[in-house]
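Descriptive analysis of the structure
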Amino acid sequence: KVKSSALIGRARADRLDFQPLSEFENSSFVLFNVMWKLLPQLALGMEYQYGRRENADGTALDNNRVMIGVQIF
């Protein structure tokens, strides 16, 4: 039995006049995961995440993550 999910999100904040241009302005992320139930008491899963942060001055950073999990019930 296999199941999966996907998620997308975005956040935005207005910079106040006294804050420097290096402050957070917006971010976005995407994730996708899949889980395989191998036995009645054992499941294996993998998840990929991508995120991006942009500052008010236009600089941006990207982040990629891969996670692997084991679930025993």
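Our structure is the block above this text.
Thresholds applied
- Counting restarts for each chain, with residues numbered from 1 along the sequence as it is written.
- For this predicted model, a pLDDT threshold of at least 70 governs which residues receive local features, and a threshold of 80 or more governs which side-chain atom pairs are given and counted, while totals over whole chains, interfaces and linings are taken from all residues.
- Hydrogen atoms and water are omitted, and side-chain values are computed over all heavy atoms in the structure.
- A patch consists of residues exposed above 30% relative accessible area that lack any salt bridge, with like charges linked at up to 9 Å and nonpolar side chains (Val, Leu, Ile, Met, Phe, Trp, Tyr) linked at up to 5 Å.
- Only the protein chains shown count as covering a residue, and every accessible area follows the Shrake-Rupley method with a 1.4 Å probe.
- Whenever a carboxyl oxygen of Asp or Glu lies within 4 Å of a side-chain nitrogen of Lys or Arg, that contact is scored as a salt bridge.
- Helix numbering and strand numbering both begin at the N terminus, where a helix is a DSSP run of H or I of at least 4 residues and a strand a DSSP run of E of at least 2.
- Remark: exposure states derive from per-residue accessible area (1.4 Å probe, protein chains only) relative to the maximum for the residue type, with buried under 20%, exposed over 50%, and partly exposed in between.
- By the convention used here, residues are in contact when the closest approach between their heavy atoms is within 4.5 Å.
- Any two strands with at least two DSSP bridges between them are considered paired.

Quick word on a nonpolar patch on the surface
A cluster of nonpolar residues, Val2, Trp36, Leu38, Leu39, Leu44, Met46, Tyr48, Val66, Ile68, Val70 and Ile72, forms a patch on the protein surface that exposes about 1100 Å² of accessible area. Within the residue set of the nonpolar patch, elements represented by two or more residues are strand S2 (24-39), strand S3 (42-55) and strand S4 (60-72). Looking at the nonpolar patch element by element, the count peaks at four residues for S4. Mapped onto the elements of the fold, tyrosine 48 is located in strand S3.

A look at the pattern of salt bridges
What the rule picks out here adds up to two salt bridges. For aspartate 62, the salt bridge identified is with arginine 52, shortest N-O distance 2.8 Å. Remark: arginine 52 occurs in strand S3 and aspartate 62 occurs in strand S4; sequence separation between them is ten residues. A relative accessible area of 46% means that aspartate 62 is categorised as partly exposed. Ionic contacts of the salt-bridge type, sharing partners, join the residues Arg52, Glu54 and Asp62 into one network.

Here's the deal with the environment of arginine 10
Positionally, arginine 10 belongs in strand S1 (residues 2-12). Separated by 33 residues in sequence, arginine 10 and alanine 43 place their C-alpha atoms 30 Å apart. Apart from residues lying up to four places away in sequence, arginine 10 is in contact with Asn26, Ser27 and Ser28.

Overview of the pairing of S1
Side-chain positions along a regular strand alternate between the two faces of the sheet. S1 sits mainly on the outside: one of its eleven residues count as buried. With eleven bridges joining them, S1 and S2 adopt antiparallel strand pairing. Paired with serine 4 across the bridge in S2 is valine 34.

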